[in-house]
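# Residue-level structural notes
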Amino acid sequence: MNPELRACRQQLRLRRNQLRQCRQGLADARAARAECRENLRECREPYNVATIFNINV
């Protein structure tokens, strides 16, 4: 096999792996953000209810 072609294929394989890792990292970050938003919502809920009913928390 042509050495240039071999090097090109190796580079392509490396880039695909990097892209896969990047996509996985992005998916993990999105999941973490969704979890954080849910936690924040749960945290704020008592204060929102207290505000509606004018209760001091």
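These lines cover the structure that appears in this document, whether it is placed above or below.

About the criteria used
- Residues numbered from 1 in each chain as written.
- Predicted model: local features only at pLDDT ≥ 70, side-chain atom pairs only at ≥ 80, totals over all residues.
- Heavy atoms only, no water.
- Helix = DSSP H or I, 4+ residues; strand = E, 2+ residues; numbered from the N terminus.
- Rg over C-alpha atoms; globule rule 2.2 N^0.38 Å.
- Buried < 20%, exposed > 50% of the residue type's maximum accessible area, 1.4 Å probe, protein only.
- Areas by Shrake-Rupley, 256 points an atom, 1.4 Å probe, with all protein chains shown as cover.
- Lys, Arg positive; Asp, Glu negative; His and termini not counted.
- Charge placed at Lys NZ, Arg CZ, Asp CG, Glu CD.
- Salt bridge = Lys/Arg side-chain N within 4 Å of Asp/Glu carboxyl O.
- Patch = residues over 30% accessible without salt bridge, like charges linked within 9 Å, V, L, I, M, F, W, Y side chains within 5 Å.
- Expected span 1.5 Å × (residues − 1).
- Polar contact = N/O pair within 3.5 Å; in protein donor to acceptor, adjacent residues only side chain to side chain.
- Disulfide = S-S within 2.5 Å.

### Here's the deal with the overall build of the protein chain
Of regular secondary structure, the protein chain possesses one helix and zero strands. Its C-alpha radius of gyration of 24 Å places the protein chain more than 25% over the 10 Å reference for a compact globule of 57 residues. Burial analysis of the protein chain (57 residues in total) assigns 2% to the buried set. Looking at the protein chain as shown, the accessible area adds up to about 5700 Å², and 53% of this sits on carbon and sulfur atoms. Of the side chains in the protein chain, 12 bear a positive and 6 a negative charge, and the two mean positions are spaced by 15 Å.

### A closer look at the pattern of salt bridges
Summed over the entire model, instances satisfying the criterion amount to one salt bridge. Residue Glu-38 is joined to Arg-41 by a salt bridge in which the shortest nitrogen-to-oxygen separation is 2.6 Å. With a gap of three residues between them, Glu-38 and Arg-41 both fall in helix H1 (residues 3–52), about one helical turn apart.

### Brief notes about a nonpolar patch on the surface
Taken together, the side chains of Val-49, Ile-52 and Phe-53 make up a nonpolar region of the molecular surface, amounting to roughly 340 Å² of accessible area. Mapped onto the secondary structure, Ile-52 falls in helix H1. With a relative accessible area of 66%, Ile-52 lands in the exposed category.

### A closer look at H1
Taking 1.5 Å as the rise per residue, H1 with 50 residues should run 74 Å; its terminal C-alpha atoms sit 72 Å apart, in good agreement. Between the side-chain oxygen of the N-cap and the backbone nitrogen of Glu-4 there are 3.0 Å, and the N-cap of H1 in question is Asn-2.

### Quick word on the state of the cysteines
In total, this model carries zero disulfides according to the counting rule given. Cys-36 forms no disulfide, and the closest cysteine sulfur to it belongs to Cys-43, at a distance of 10 Å.

### A look at a positive patch on the surface
A cluster of like positive charges, contributed by Arg-9, Arg-13, Arg-16, Arg-20 and Arg-23, occupies part of the molecular surface. As for its placement among the helices and strands, Arg-20 is situated in helix H1.

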